[in-house]
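So the chains spell out like this:
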Amino acid sequence: AFSVNALAGDHRGHKGNQHAESCMHMGGFGPAGAGLMGETRRLDRMLGDVGLTDAQRTQIRDIQTKARADLKALHEGDGAAMPHGLSLLTQAKPDAAAAEKARQQMLARHDKVSQRMLQAQLDVANVLTPAQRAKMATQMKARQDRMAERAQRRAAHHAERAASQPAAAPSAPR
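The sections below set out a description of the structure shown in this document. The structure displayed is predicted, hence computed values, not measured ones.

Analysis parameters
Residues numbered from 1 in each chain as written. Predicted model: local features only at pLDDT ≥ 70, side-chain atom pairs only at ≥ 80, totals over all residues. Heavy atoms only, no water. Helix = DSSP H or I, 4+ residues; strand = E, 2+ residues; numbered from the N terminus. Buried < 20%, exposed > 50% of the residue type's maximum accessible area, 1.4 Å probe, protein only. Contact = heavy atoms within 4.5 Å. Areas by Shrake-Rupley, 256 points an atom, 1.4 Å probe, with all protein chains shown as cover. Core = buried A, V, L, I, M, F, W, Y, C linked by side-chain atoms within 4.5 Å. Salt bridge = Lys/Arg side-chain N within 4 Å of Asp/Glu carboxyl O. Polar contact = N/O pair within 3.5 Å; in protein donor to acceptor, adjacent residues only side chain to side chain.

### Here's the deal with the overall build of the protein
Moving on, step 1. Along its length, the protein carries six helices and zero strands.
Moving on, step 2. Shown N-terminal to C-terminal, the secondary structure of the protein runs as helices and strands in the order α-α-α-α-α-α.
Moving on, step 3. Looking at the 174 residues of the protein, the share that counts as buried comes to 31%.
Moving on, step 4. A separation of at least 24 residues holds for 78% of the contacts in the protein among residues at least 6 apart in sequence.
Moving on, step 5. Of the roughly 10,900 Å² that the protein leaves accessible, carbon and sulfur atoms contribute 56%.

Right, here's the structure in full:
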């Protein structure tokens, strides 16, 4: 699945947009997080070998710019949502109804972001020819395989390190 990770711009940090990273990884043409709408370099890398025309590149950059602006606007209100949700949990008697309402509002925002990212993905897909989409899918599958192999190597390395470390003493109860 091609991800809209980059199209949204730099939402990797959070600062009120923590859910953005997880929202960015939606279906399309390859592995989640591959970033079809990413920063210029990422976009160039993703589409560099599929044989884009200058007109296609311009159209995709316009789609990217518009989606980034739309997603930024959708994320603007998220900064207040998290502190409000946390304040609900710190009350003397947490209000279950208010917490549920906050949860539903968060889900509604996530749904709007998801819809906008899907629309951007479809817009980009419509700019590409079937042959270009197939080539991109092949490239993204290869990238997904490399990422999975790398994750397996890291997991094995961490398991080896953990096995070679002495067992930690249990911490005292608080």
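### Regarding the nonpolar core
Moving on, step 1. In terms of nonpolar packing, the biggest core is built from 13 residues, with Leu47, Leu52, Ile60 and Met136 touching the most fellow members.
Moving on, step 2. Elements that contribute at least two residues to this core include exactly helix H2 (40-47), helix H3 (54-76), helix H5 (96-127) and helix H6 (130-164).

### Some remarks on the pattern of salt bridges
Moving on, step 1. A complete count under the given rule lists five salt bridges for this structure.
Moving on, step 2. Between Asp145 and Lys141 there is a salt bridge whose closest N-O contact spans 2.7 Å. With Asp145 and Lys141 both in helix H6 and four residues apart, this pair spans about one turn of that helix.
Moving on, step 3. Judged by relative accessible area, which is 45%, Lys141 ranks as partly exposed.
Moving on, step 4. We note a salt bridge from Arg153 to Glu149, for which the minimum N-O separation is 3.0 Å. Taken together, the positions of Arg153 and Glu149, both in helix H6 and four residues apart, correspond to about one turn of that helix.
Moving on, step 5. Because the salt bridges share partners, they merge into one network encompassing Lys66, Asp70 and Arg116.

### A short note on the side chain of Gln56
Moving on, step 1. Here Gln56 is to be found in helix H3.
Moving on, step 2. When its relative accessible area of 8% is taken as the criterion, Gln56 is described as buried.
Moving on, step 3. Polar side-chain contacts of Gln56 include one of 2.9 Å to the backbone nitrogen of Thr53.
Moving on, step 4. Sequence-distant contacts of Gln56, that is, excluding residues within four places in its chain, are made with Gly51, Val127, Leu128, Thr129 and Gln132.

### Some thoughts on the environment of Gln59
Moving on, step 1. Structurally, Gln59 can be placed in helix H3.
Moving on, step 2. Gln59 sits in the partly exposed class, given a relative accessible area of 42%.
Moving on, step 3. Residues Gln59 and Asp123, spaced 64 residues apart in sequence, show a C-alpha to C-alpha distance of 9.3 Å.

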